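Spelled out, the chains give:
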Amino acid sequence: IWRPPPSVSQPQAEFKAMNPPMNPNAPSYPLMPAGGNQPVVQHTTVTIHTDPPKDYIIWSLFSFFYGNFCCLGLMALIFSVKARDRKVVGDLDGARIHGSTAHLFNIISTVLISLFIFSSIIVVISVKRQ
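Just so we're clear, the structure is a prediction, and the values are computed from it rather than from any experiment.

Undergrad: What should I look at first to understand unusual backbone geometry in this one?
TA: Most peptide bonds are trans, and most residues other than glycine sit at a negative phi. Its identity is not glycine, yet Cys70 carries a phi of approximately 55°, on the positive side. Mapped onto the elements of the fold, Cys70 is located in the loop between helix H2 (57-66) and helix H3 (72-89).

Following this line, the structure appears as C-alpha cells:
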C-alpha cells in the first residue's frame, strides 16, 4: 500500500496552525499594509443618477396658444426654451432654475385662465336665468 511521504502532510498541519478558527470575542484591528504601520484606506465611489430637469415645453405651448393671459403663456414658453437650451449645453442647474420659472408661469397662467372661464360660465348662466 502506498502512503504519501511525511513531508506532504506537514504543510497541511502548518496551514491549520497558521489559520486558527476565528474567535468572535476577539477585538478587531484595522488592516495594516505588509511593511508599514498606516491603516489601509478603502475608497467607495457612489454615483447618483439624478433625473434631468424638466422644461415643461408642452404645457408652455398650450399656455401660449390657448391661455396667453397677460402674456404669461409667452413668458412660460420663453423660459421653457431657455431651460431646454441649458439642458442641451449641460448646465443642469441653470436648466432647473429656468424650468421652475416656466413651471410657475404655467401654473399662474392656467389658474387665471381657469378662473376667467369659470367666471364667464357663471355670468352666462346667471344672465340666462334672468
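Undergrad: Explain helix H4 (residues 92-129) to me, please; I cannot follow it from the model alone.
TA: An α-helical segment advances 3.6 residues per turn. Residues three or four places apart therefore align on the same side. Here H4 is 38 residues long and its end C-alpha atoms lie 55 Å apart, about the 56 Å a rise of 1.5 Å per residue gives. For H4, the complete set of buried residues consists of Gly94, Ala95, His98, Gly99, Ala102, Phe105, Asn106 and Ser109. Of the surrounding elements, those touching the buried residues of H4 are H2 and H3.

Undergrad: Quick question: what am I supposed to make of the packing of aromatic side chains here?
TA: Think of a pair of aromatic rings as described by two things: how far the centres are apart, and how the planes are tilted against each other in angle. Under the defined criterion, the tally for this structure stands at 4 aromatic pairs. Here Phe62 and Tyr66 contribute two aromatic rings whose centre-to-centre distance is 5.7 Å and whose plane-to-plane angle is 20°, an arrangement assigned as stacked. Here the residue Phe62 and the residue Tyr66 both occupy positions in helix H2, the gap between them amounting to 4 residues, near one helical turn. According to the relative accessible area criterion, Phe62 is partly exposed, its value standing at 48%. A relative accessible area of 67% means that Tyr66 is categorised as exposed. Positioned over the ring face of Phe79 is Lys82, at 5.2 Å from the centre of the ring.

Undergrad: Help me understand the environment of Ala95, please; the structure alone is not making it clear to me.
TA: Residue placement: Ala95 occurs in helix H4. Assessed through its relative accessible area of 1%, Ala95 is described here as buried. When the C-alpha atoms of Ala95 and Pro52 are compared, they prove to be 8.9 Å apart, with 43 residues separating the residues in sequence. Not counting the four nearest positions on each side in its chain, Ala95 is found in contact with Pro53, Ala83, Arg86 and Lys87.

Undergrad: Would you mind showing me how to read the confidence of the model for the protein here?
TA: Low-confidence regions, as indicated by low pLDDT, have predicted coordinates that should not be scrutinised in detail. For the protein, per-residue confidence averages 81 on the pLDDT scale, and 68% of positions sit at 70 or higher. When mean pLDDT is compared element by element in the protein, H3 scores highest at 96, while helix H1 (residues 6-18) scores lowest at 49. Below pLDDT 50 for its whole length, residues 9-19 participates in 0 contacts with residues either more than four positions away or in separate chains.

Undergrad: For this particular structure, what's the right way to read the nonpolar core?
TA: If you look at soluble globular proteins, the nonpolar side chains tend to sit buried side by side. With 5 residues, the main nonpolar core is built from Leu72, Ala76, Phe79, Ala102 and Phe105. Elements supplying a minimum of two residues to this core: H3 and H4. Counting residues per element, this core draws most heavily on H3, at 3 residues. The residues contacting Leu72, other than those within four sequence positions of it, are Phe105, Ile108, Ser109 and Leu112.

The rules behind each value
Residues numbered from 1 in each chain as written. Predicted model: local features only at pLDDT ≥ 70, side-chain atom pairs only at ≥ 80, totals over all residues. Heavy atoms only, no water. Helix = DSSP H or I, 4+ residues; strand = E, 2+ residues; numbered from the N terminus. Expected span 1.5 Å × (residues − 1). Buried < 20%, exposed > 50% of the residue type's maximum accessible area, 1.4 Å probe, protein only. Contact = heavy atoms within 4.5 Å. Phe/Tyr/Trp six-rings, centres within 6.5 Å; stacked < 30°, edge-to-face > 60°. Lys NZ or Arg CZ within 6 Å of the ring centre and 35° of its normal. pLDDT = per-residue confidence, 0-100. Core = buried A, V, L, I, M, F, W, Y, C linked by side-chain atoms within 4.5 Å.

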